[in-house]
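Each chain, letter by letter, is given below.
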Amino acid sequence: MRMKTGNGTLPAYDAVIFDEAIFKRSAFSELDHGNQVELAQLRQTFHQQIDEVYAQVGKKMRDDQGGLLAFKLMTTKIEISEVCATLSQAQQFL
């Protein structure tokens with residue numbers, strides 16, 4: 001998203017938090033029907049993708065015996081490019 005906007009106001013980061021609170025029903029209702037459908041599909045895609053990311057996080061945190069080892073995430077990378085692409089597509093509606 002930083003590359004798309006080009007403003008570089010975000011500092012360097014090591015983690016991303018997806019906050020679903022950015023969805024505003026009032027703004028959604030102002031869109032024409034076609035854009036509402038497209039945005040609803042993007043929102044559903046985002047939810048599916050983020051659920052997969054959460055599942056990957058849970059899987060990467062477990063040891064061979066099923067115990068939780070959160071520190072394992074510090075050296076693990078989880079692919080989120082599809083989630084970012086979906087968010088970039090949804091950004092056009094903001």
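Above this text you will find the structure in question.
Residues numbered from 1 in each chain as written. Predicted model: local features only at pLDDT ≥ 70, side-chain atom pairs only at ≥ 80, totals over all residues. Heavy atoms only, no water.

How do you make sense of the overall build of the protein when you look at a structure like this?
Broken down by element type, the protein carries 4 helices and 0 strands. Moving toward the C terminus, one meets the helices and strands of the protein in the order α-α-α-α. Counting across all 94 residues of the protein, residues that qualify as buried make up 19%. The contacts in the protein between residues at least 6 apart in sequence include a share of 55% that link residues at least 24 apart. For the protein, the exposed surface amounts to about 7500 Å²; the carbon and sulfur share of it is 55%. (Helix = DSSP H or I, 4+ residues; strand = E, 2+ residues; numbered from the N terminus. Buried < 20%, exposed > 50% of the residue type's maximum accessible area, 1.4 Å probe, protein only. Contact = heavy atoms within 4.5 Å. Areas by Shrake-Rupley, 256 points an atom, 1.4 Å probe, with all protein chains shown as cover.)

Honestly, helix H3 (residues 33-61) in this entry has me stumped. Any pointers?
Because an α-helix packs 3.6 residues into every turn, residues spaced three or four apart end up facing the same way. Its 29 residues give H3 an end-to-end C-alpha distance of 42 Å, which sits within 8% of 42 Å, the value for a rise of 1.5 Å per residue. As for H3, its buried residues are in contact with helix H2 (25-29) and helix H4 (81-91). Its side-chain oxygen at 3.1 Å from the backbone nitrogen of Gly 34, Asp 32 defines the N-terminal cap of H3. (Expected span 1.5 Å × (residues − 1). Polar contact = N/O pair within 3.5 Å; in protein donor to acceptor, adjacent residues only side chain to side chain.)

Any chance you could explain the packing of H3 against H4 here in plain terms?
Each packed pair of helices is defined by two parameters, the angle between the axes and the distance between the axes. Interaxial distance between H3 and H4 falls to 9 Å at its minimum, and their mutual angle equals 160°. The angle between the axes of H3 and H4 places the two elements in the roughly antiparallel class. Considering the relative orientation of H3 and H4, their crossing is left-handed. Seen from H3, the contacting residues are Leu 39, Leu 42, Thr 45, Phe 46, Gln 49, Ile 50 and Val 53; seen from H4, they are Glu 82, Val 83, Thr 86, Leu 87, Gln 89 and Ala 90. Residues of the contact of H3 with H4, tallied by class, amount to 8 nonpolar, 4 polar and 1 charged. (Axes fitted to C-alpha atoms, helices over the stretch in contact; angles between N-to-C directions. Parallel < 35°, antiparallel > 145°, perpendicular 65-115°, else oblique. Left-handed = near helix turned anticlockwise from the far one by under 90°. Nonpolar A, V, L, I, M, F, W, Y, C, P; charged D, E, K, R; others polar.)

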